[in-house]
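# Summary of structural features
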Amino acid sequence: MRIGDLTIFVERKNIKNLHLRVGRTGKVSLTAPLFVSVGEIEKFAASKYAWIRKNLLAAKAEDYLDFIHGGCVTVFGERLIVVFGAKKDECKEGKLYLKCPPQEGEKHAAAALKKLLVKKIESRLPVWEEKTGLHASAFSVRDMKTRWGTCNIRTGKICFSLQLIKKPEECLDYIIVHELGHLINRWHDKRFYNYLRYNFPDYERVRKILKE
Ligand SMILES: [Zn+2]
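Residues numbered from 1 in each chain as written. Predicted model: local features only at pLDDT ≥ 70, side-chain atom pairs only at ≥ 80, totals over all residues.

This next bit is on the overall build of the protein chain. Each helix and strand counted, the protein chain has six helices and eleven strands in total. A globule of 212 residues ought to have a C-alpha radius of gyration of about 17 Å, yet the protein chain, at 21 Å, is considerably larger. The dimensions of the protein chain, computed from C-alpha atoms along their principal axes, are 70 × 35 × 25 Å. Within the protein chain, residue pairs in contact and separated by at least 24 positions form 44% of the contacts whose partners lie at least 6 positions apart. (Helix = DSSP H or I, 4+ residues; strand = E, 2+ residues; numbered from the N terminus. Rg over C-alpha atoms; globule rule 2.2 N^0.38 Å. Contact = placed C-beta atoms within 7 Å.)

This is the structure:
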């Protein structure tokens, strides 16, 4: 069921009252008694619109690819409402606009988010290359779940995890500096930490955010 920009999953049960729930992943479910009409359900859901919105924004969407119209995702640390059927893919005014229909949401959204992250890296990487004097030969973005980034010392290529898009931008900055550091230091040894402290003095605080 659609109420404005929300998608609500309605289920009928042999119960007495209407129940509304916002799940942890941002799924809105409504359980309705058998005797309540569709019109009444719609009216009830509409009257709870503000409450649903508030809970959606507070929900912690764990899985990024759980995309539904009116759901919530985190992009660079900011909670955004997903809107399908837009003219182009973009983040604007608290919303993530996606140009695909809702049924293609997951696949398209993953690609759209990857593009957003690539664009961000393209603007941030040169800044840190300039500061550190270290240069990656190329970079890529992959949906790595266990690492934020990797660096291939031999080829000079850096790979970033798509999961970085959830985190505030300073986390991406830290990973860029970290992986650039591996171009000249294979291990996390004293020399590596000296490099980190020098180029990114705030690294301990940002690393905590990455672990959240
Ligand atoms: Zn490392």
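This brings us to the sheet that holds strand 2 (residues 6-13). In spatial order, the strands read 1-2-4-3; together these four strands make up an open sheet with mixed pairing. What marks the edges here is a single partner per strand, and that holds for strand 1 (2-3) and strand 3 (19-22). For strand 3 and strand 4 (residues 28-33), the ladder comprises four bridges, and the chain directions are antiparallel. Directly across from L20, in strand 4, lies its bridge partner L30. The sheet contacts of helix 2 (residues 49-58) involve strand 1, strand 2, strand 3 and strand 4, and relative to strand 3 the element is tilted by about 30 degrees. (Pairing = 2+ DSSP bridges. Axes fitted to C-alpha atoms, helices over the stretch in contact; angles between N-to-C directions.)

Judged by nonpolar contacts, the single largest core of 39 residues is most densely connected at L164, I175 and I176. Contributing elements (two or more residues each) for this core: strand 2, strand 4, helix 2, strand 5 (72-75), strand 6 (78-83), helix 3 (105-132), strand 11 (157-161) and helix 4 (169-181). Both of domain 1 (1-60) and domain 2 (112-211) provide at least three residues apiece to this core. Not counting the four nearest positions on each side in its chain, I176 is found in contact with R124, L125 and W128. (Core = buried A, V, L, I, M, F, W, Y, C linked by C-beta atoms within 7 Å. Buried ≥ 20, exposed ≤ 12 C-beta atoms within 10 Å, placed from the backbone. Domains from an automatic or database assignment.)

This part covers helix 4. Under the 1.5 Å per step criterion, the end-to-end length of helix 4 is 19 Å for 13 residues, consistent within 8% with the ideal 18 Å. Most of helix 4 is tucked away, with ten of its 13 residues classed as buried. Within helix 4 the residues assigned to the buried category are C171, L172, Y174, I175, I176, V177, H178, E179, L180 and G181. (Expected span 1.5 Å × (residues − 1).)

A few words now on the sheet that holds strand 6. Read from one edge of the open sheet, four strands run 5-6-8-7, paired in mixed fashion. Two strands lie at the open edges of the sheet, namely strand 5 and strand 7 (90-92), each paired on one side alone. In this sheet, neighbouring strand axes are inclined to one another by 40 degrees on average, regardless of whether the strands run parallel or antiparallel. Here four bridges tie strand 5 to strand 6, and the two strands are oriented antiparallel to one another. Paired with T74 across the strands is R79, a residue of strand 6.

Time to look at the domain arrangement of the protein chain. Assigned domains within the protein chain: domain 1 (1-60) and domain 2 (112-211). Put simply, the middle of domain 1 and the middle of domain 2, counted by C-alpha atoms, are 42 Å apart.

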